[in-house]
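# Descriptive structure summary
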Amino acid sequence: MRKRAVICFVIILWLLSGCWDQHLLKDNSLVLGIGLDASKGEKIVNTAVIRLLKSESGGTGKPSSTNVLYSATGNTFRETRAGIEKQLGGEYAPNKLRVLVIGEELAGKDIYPILDILYRDPRNSLTAKLVVAQGTAKELLKIKKSKEVFISEKLLDVVNRSEERTLIPIETIQSICPDLFDPGKDFALPYVTYKGSDSIEIQGMALFHDKKFTGTIMEGEDATVLLYLNGEEGNVARFTLKVNPEEARRQNQFISISSFLKDHNLKVKVDKHHKISAEITLKINITAIEYPLNQLSKQTEINKLNKEISKLLTQRAEFVIKELQQANCDYFGIGRKVMAYHPETWKAINWADTFPTIDIKTKIETNITGTGIIK
């Protein structure tokens, strides 16, 4: 019996010793960045950033690496990949993809058809960042290096830093997938611009509706307010606000603050006539990081500043909501709540026509909880 068990164990080990689906690194060309652009005749252009490793002469020392750009045009994303593979010595391997860049012309069309292959092939990296480029993605990736850092790494670093500062949403290829199929929720992606030969910048948030870039970009502090209104937050957010316009010296008119989202609440109401309204309330804690007028030891000054900052941020929020509705971008997912809790109303309306007209009110309360090391 024992001998039979040993024989069975050996047979099992022999059967499991191979790996039929292995993909050796030496046989693959790692794709770290991809740019997709619109081309003539509804075709697309795929620009791939390929990482190539070079051994030092004599086989000693650390291997060096370089990024090489390959480009191909085709009817589909998969066809362009096949075109690039013909130019490579190894297999096109997107499993280490870090950033996927979409040119703004292509982003203005339904972007799902170009993303379909990424969700179907398990070897794709769904954690890669997804961004929209000013102009074309190919021109952006042509930079190759920015201050001696490869462009794919630079893009990833710029995106991560902007996420931490609550300037753009934290989005990946995987995270936007549910919104692509949800008629009651839109999304936004980072909008990247390039200046000069090696300088790139996150300009703001590219607003989407029905899987298409609307052409509207939410920039700077407005983008931060938009993220707060949706309950999103990075490590910190900063504002510079004119709270003392009556002061003669310009620097004394402003306060610079770090803010932290304490509470967020979205309420959606529907009456018997299918009239929809929404209210967003925020509570934000604040630390004063620059205030030349000082006087922050006085509670009266604190109360005055809390009132003024709340008013200014509420005004900023009202502007952001107006921009959202003009772009027809339901970033808050109000339609999703109507669909879930008021199905009869959802069936009776056309959400694309209704969203720009609904009443969305906002209320922001701020509380100064820190003043730095001086009062």
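Above this text sits the structure in question.
Residues numbered from 1 in each chain as written. Predicted model: local features only at pLDDT ≥ 70, side-chain atom pairs only at ≥ 80, totals over all residues. Heavy atoms only, no water.

Turning our eyes to something else, we now look at the pairing of strand β9 (residues 188–195). Judged by how many residues are buried, β9 sits mostly within the fold: six of eight residues are covered. Pairing analysis gives two bridges linking strand β6 (residues 129–133) to β9, with the strands arranged parallel. By the bridge assignment, Ala133 is partnered in β9 with Val192. Pairing analysis gives eight bridges linking β9 to strand β10 (residues 199–209), with the strands arranged antiparallel. Bridging from a neighbouring strand, Ala188 pairs with Leu207 of β10. (Buried < 20%, exposed > 50% of the residue type's maximum accessible area, 1.4 Å probe, protein only. Helix = DSSP H or I, 4+ residues; strand = E, 2+ residues; numbered from the N terminus. Pairing = 2+ DSSP bridges.)

Once that is clear, we can look at the sheet that holds strand β12 (residues 237–242). Taken in spatial order, the four strands make up an open sheet running β12-β13-β14-β15, and their pairing is mixed. Only two strands of the sheet have a single neighbouring strand rather than two, namely β12 and β15 (359–370). With strand direction ignored, the average angle separating the axes of adjacent strands in the sheet is 40 degrees. In this structure, strand β14 (residues 276–290) lies alongside β15, joined through 11 bridges in parallel fashion. Bridge pairing in β15 links Ile286 to Ile368. Packing of helix α8 (residues 220–229) onto the sheet brings it into contact with β12, β13 (254–270), β14 and β15, and relative to β12 it is tilted by some 120 degrees. Across the sheet, helix α10 (residues 334–341) lies against β13, β14 and β15, angled at about 25 degrees from β13, the strand it touches most. (Axes fitted to C-alpha atoms, helices over the stretch in contact; angles between N-to-C directions. Contact = heavy atoms within 4.5 Å.)

Here we come to unusual backbone geometry. Glycine aside, negative phi is the norm for most residues, and most peptide bonds take the trans geometry. The residue Asp210 is not glycine, and still its phi comes out positive at about 50 degrees. In this fold, Asp210 is placed in the loop between β10 and β11 (212–219). Given a relative accessible area of 44%, Asp210 falls into the partly exposed group.

Before going further, it helps to examine the packing of α8 against helix α9 (residues 299–327). As a packed pair, α8 and α9 sit with axes 9 Å apart at the nearest point and diverge in direction by 85 degrees. What the angle tells us is that α8 and α9 run roughly perpendicular. For the pair α8 and α9, the contacting residues are Glu221, Asp222, Val225, Leu226 and Leu229 in the first and Arg316, Ala317, Phe319, Val320, Ile321 and Leu324 in the second. Classifying every residue of the contact of α8 with α9 by side-chain character gives eight nonpolar, no polar and three charged. (Parallel < 35°, antiparallel > 145°, perpendicular 65-115°, else oblique. Nonpolar A, V, L, I, M, F, W, Y, C, P; charged D, E, K, R; others polar.)

Locating Asp222 in the fold gives a position in helix α8. Since its relative accessible area comes to 16%, Asp222 is described here as buried. Not counting residues up to four positions away in its chain, the partners in contact with Asp222 are Arg316, Phe319 and Val320.

Let's shift gears to the pattern of salt bridges. A complete count under the given rule lists 16 salt bridges for this structure. For Arg336, the salt bridge goes to Asp179, with nearest N and O atoms at 3.2 Å. Highlighted residues: Arg336 in helix α10 and Asp179 in helix α7 (residues 177–180), separated in sequence by 157 residues. For Arg336, a relative accessible area of 35% puts it in the partly exposed group. Its salt-bridge partner being Arg316, residue Asp222 comes within 3.6 Å of it at the nearest N-O pair. Placement of Asp222 in helix α8 and of Arg316 in helix α9 is noted, with a sequence separation of 94 residues between them. Within the structure, one salt-bridge network assembled from shared partners comprises Asp179, Asp182, Lys185 and Arg336. (Salt bridge = Lys/Arg side-chain N within 4 Å of Asp/Glu carboxyl O.)

Now for the packing of aromatic side chains. Under the definition given, this model contains eight aromatic pairs. Taking the centre distance of 5.8 Å and the plane angle of 45 degrees together, the rings of Trp346 and Trp351 count as tilted. Pairing Trp351 with Phe355 gives two aromatic rings, centres 5.8 Å apart and planes at 50 degrees, and the pair type is tilted. Phe355 carries the same exposure label as Trp351, and that label is buried. Taken together, the ring pairs in this structure connect Phe187, Tyr191, Phe208 and Phe213 into an aromatic cluster. Sitting above the plane of the Tyr331 ring, Lys185 keeps its charged end 4.9 Å from the centroid. (Phe/Tyr/Trp six-rings, centres within 6.5 Å; stacked < 30°, edge-to-face > 60°. Lys NZ or Arg CZ within 6 Å of the ring centre and 35° of its normal.)

Of all hydrophobic cores here, the largest spans 68 residues; its most connected members are Phe332 and Ile334. At 10 residues, α9 tops the list of elements feeding residues into this core. Once residues lying within four places of it in the same chain are set aside, the contact partners of Ile334 are Gly184, Val268, Ala278, Trp351, Phe355, Ile358 and Ile360. Residues Val31, Leu106, Ile111 and Ala206 belong to the second largest nonpolar core, which totals 36 residues. (Core = buried A, V, L, I, M, F, W, Y, C linked by side-chain atoms within 4.5 Å.)

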